[in-house]
Amino acid sequence: MYIEDSCLEEIQNRVDLVAVISEYVELKPAGRSFKGLCPFHEEKTPSFVVTPEKGIFHCFGCGTGGNVFSFLMRMENIPFPEAVENLAEKCGVELPRRKKGNEGKQRKEKERFFELSESAREYYVRELFQSAEPAALRARSYLLKKRALKPEILQEFGIGFSSRSGKGVIEYLLSKGFSGSEIIASGVGTITSRRALSDRFRGRVTFALQDVNGRVIGFAGRAMDEYGPKYLNVPESTYFSKGKHLYGLHAAKTHIRKQGRAVLVEGYMDFLTLYQAGIQSTVASMGTALTKEQATLLRRFAGEVILCFDSDSAGEAATARGMLILSEKGLQVRIVPLPSPYDPDSYLQEKGTKSFEALLDNAQSLFDYQLGLFIKKYGYDTLEAKVKIIRGIEPYVRSLDDFVERSLRIKQVSHQLGVSESVFYESFNARGGRSAAVNILKGTQALEPGNIKAERLLLQVAVENPVLRGYILREMETEDWSIDENRRMFQAVCTLAGKVNSFTAADLIDLFSGDEKMGTYVSRVCSSPEAVSCDADVVRGLVGRVRLAALEKEKQSVQRELSVCKDIEVLKRFESILRQEKELRQSHKERGEGVL
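Residues numbered from 1 in each chain as written. Predicted model: local features only at pLDDT ≥ 70, side-chain atom pairs only at ≥ 80, totals over all residues. Heavy atoms only, no water.

Colleague: In this structure, what is going on with the pairing of strand β2 (residues 33–36)? I would like to understand it.
Modeller: A regular strand places its side chains on the two faces of the sheet in alternate fashion. Both strand β1 (residues 28–30) and β2 contribute to a ladder of three bridges, which runs antiparallel. Opposite Pro29, over in β2, you have Phe34 as the bridge partner. In this structure, the hairpin formed by β1 and β2 is closed by a connection of two residues, where Gly31 is found at a positive phi of approximately 70°. When β2 meets strand β3 (residues 48–51), the two strands line up antiparallel, connected through three bridges. Bridging from a neighbouring strand, Gly36 pairs with Phe48 of β3. (Pairing = 2+ DSSP bridges. Helix = DSSP H or I, 4+ residues; strand = E, 2+ residues; numbered from the N terminus.)

This is how it looks when you write it as structure tokens:
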């Protein structure tokens, strides 16, 4: 789909860059910019910067950057046209369309998928509340009485029932104009051994699974008898992957942002019970082990996660896996160790909301929880047990960035085990402290050539300062830039400057909409704070530095030619280079700018 430049410009002018990125990243003001934890790599110290006046974002940790379109493309893993459409819809810009290839077909298939899924949700909910089938009556009793869920909660989250015949939803969808192949592709329909099209969830309570925007992307079904698996999901597809979504996030995200924390539970019923009780910053992991994708999704909305899994051994194992994944993503993790034999649903129903909220407020830190598990597993009455605990907890001590907290944790463990702190420190130091790794990293950082830095500053000034831009474009040639990225960016600046007098870094990135690498490079160049102090004299000096470096490179090339053949034309080129070099240095010196 071809999109006019004017449309892209209008979208960028209307859309709130900070608001869009804040849907995924918790941002805090930092001068004229905003900072947060980068959603594209794991970090604990914010290095992700959003600069609204330039229309760009940039991470100084991993180097990723771009404008609002490239941000959405990376976050949602969607192509450029879809990112443009999403943002156009968000800010009310109507896009003129010229469709190419099979793009129109793909878009139609996507729209049909969501329409079909929503229709199936409507059918299942109606069946739950209106069907006189004995199995439906049992399902209603299970949800309304045993689980004590209110009708409005069941309606809000699309909880329904599928008739035992397996024909009801199929006939309903066919009557709505959907084909058998579409019903199968959605995951709702399946082919039986008798080659008949049937409902995958027949005889089950159904749960509508929704993405972060509230669109139905699939279903899960809970068996009401002992036949088959207890829970059944639609197959993985283009639109549904249970490891990439969190149940209830579309409804909970506002509450999570407001509280700054998310409560993570395992199952659909746990989520529904907590949400109904007013604990609405809750999400569920869709009954599967927590994944890195889900942790990244959570980090868009909160800096802290409270894990609240079942109290059995499987729940403890899930907690152990989950807390490590969340911690690696830079999230602060706390744990609610429920007393046996409760799960979140049963505890809340029996003990009440206030008691459950008290558990959340007093949730253990990751460190305390892990120490408790080691003590529960080994005890601490024997020498062997103490050795195992110290060895086991040592990685968690090392992971603490704060020196004071690390020291206090060592003191805590030593006191609890009845051993000297020196034992812990000797073990810690013998295996290598944190400083060695930091020193190694520092030693690997290469110094950047001065002319490369000068080039980037000039390019940034050329983008942001229309007055100085004219001088830079007059004085510089494409061949003067030492690396391909800078040459391409210079040419793009020339192209835009020939059309409009004023433009932003975001406009420049649009010229590279099919080249993510260049979009990231432009954001990196334009995110430097050093260009703010560049006046006319500084720019002249930078131009001289870059041109001198270009002449030096050309001189070395000519010298290599002269070493092979003393051609008169090559000699003239060499003399010309020497003359230009001398003039540049002299001009620089006369302006009192020192020696180049």
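After that view of the structure, there is still more to cover.
Colleague: Would you mind going over helix α10 (residues 249–259) with me for this structure?
Modeller: Side chains that are three or four residues apart share a direction in an α-helix, a result of its 3.6 residues per turn. Turning to α10, its buried residues are Leu249, His250, Ala251, Ala252, Lys253 and Ile256. The inward-facing, buried residues of α10 contact α7 (151–156), β9 (204–210), β12 (261–265), α11 (268–276), β13 (282–284) and α12 (292–299). Immediately downstream of α10, the backbone of Gly260 shows phi near 75°, a positive value. (Buried < 20%, exposed > 50% of the residue type's maximum accessible area, 1.4 Å probe, protein only. Contact = heavy atoms within 4.5 Å.)

Colleague: What should I look at first to understand the nonpolar core in this one?
Modeller: Proteins that are soluble and globular tend to have nonpolar side chains buried together. Counting residues in hydrophobic clusters, the biggest one holds 60 residues, and the most contacted among them are Tyr247 and Leu272. Here this core takes seven residues from helix α5 (residues 103–130), the largest share from any one element. Those residues in contact with Leu272 that lie beyond four places of it in its chain are Leu149, Ile153, Phe157, Ile159, Phe207 and Tyr247. (Core = buried A, V, L, I, M, F, W, Y, C linked by side-chain atoms within 4.5 Å.)

Colleague: I keep staring at a nonpolar patch on the surface and nothing clicks. Help me out?
Modeller: A grouping of Phe403, Val404 and Leu408 is seen on the molecular surface, where their side chains present a nonpolar patch of about 330 Å² in accessible area. Positionally, Leu408 belongs in helix α18 (residues 403–417). Of the residues examined, Leu408 reaches a relative accessible area of 53% and is grouped as exposed. (Patch = residues over 30% accessible without salt bridge, like charges linked within 9 Å, V, L, I, M, F, W, Y side chains within 5 Å. Areas by Shrake-Rupley, 256 points an atom, 1.4 Å probe, with all protein chains shown as cover. Salt bridge = Lys/Arg side-chain N within 4 Å of Asp/Glu carboxyl O.)

Colleague: Sorry, what's going on with the packing of α11 against helix α14 (residues 344–351) here?
Modeller: How two helices pack is summed up by the angle between their axes together with the distance between the axes. Viewed as axis vectors pointing N to C, α11 and α14 meet at an angle of 30°, and their least axial separation amounts to 8 Å. The angle between α11 and α14 places the two elements in the roughly parallel class. Counted together, Met269, Asp270, Thr273 and Leu274 of α11 and Pro344, Asp345, Leu348 and Gln349 of α14 form the full contact between these two elements. Here the contact of α11 with α14 is built from residues that sort into four nonpolar, two polar and two charged. (Axes fitted to C-alpha atoms, helices over the stretch in contact; angles between N-to-C directions. Parallel < 35°, antiparallel > 145°, perpendicular 65-115°, else oblique. Nonpolar A, V, L, I, M, F, W, Y, C, P; charged D, E, K, R; others polar.)

Colleague: Just to check I follow, could you spell out α18 for this structure?
Modeller: Compared with an ideal rise of 1.5 Å per residue, which puts 15 residues at 21 Å, α18 spans 21 Å between its outermost C-alpha atoms and is within 8% of the ideal. Looking only at α18, the buried set comprises Arg406, Ser407, Arg409, Ile410, Val413, Ser414 and Leu417. Down the axis of α18, the smallest arc covering the buried residues is 160°, so these residues share one side. With respect to the buried face of α18, the exposed residues turned more than 90 degrees away are Leu408 and His415. Phi turns positive one or two residues past the end of α18, at Gly418, with a value near 75°. (Expected span 1.5 Å × (residues − 1). Arc of directions from axis to C-beta.)

Colleague: Sorry, what's going on with the packing of helix α22 (residues 466–475) against helix α23 (residues 484–497) here?
Modeller: Running from N to C, α22 and α23 point in directions that differ by 120°, and their axes come no closer than 11 Å. Between α22 and α23, the interaxial angle falls into the category oblique. When the axes of α22 and α23 are compared, the crossing they make is left-handed. Touching Arg469, Ile472 and Leu473 of α22 are Phe490, Val493, Cys494 and Ala497, all from α23. Classifying every residue of the contact of α22 with α23 by side-chain character gives six nonpolar, no polar and one charged. (Left-handed = near helix turned anticlockwise from the far one by under 90°.)

Colleague: Is there a simple way to explain the confidence of the model for the protein in this structure?
Modeller: When pLDDT drops low, the exact placement of atoms in the prediction is not to be read closely. The predicted model of the protein averages 83 in pLDDT, with 89% of residues at 70 or higher. Ignoring residues within four places in sequence, the model shows residues 432–447, a span with pLDDT below 50, making eight contacts including any to other chains. (pLDDT = per-residue confidence, 0-100.)

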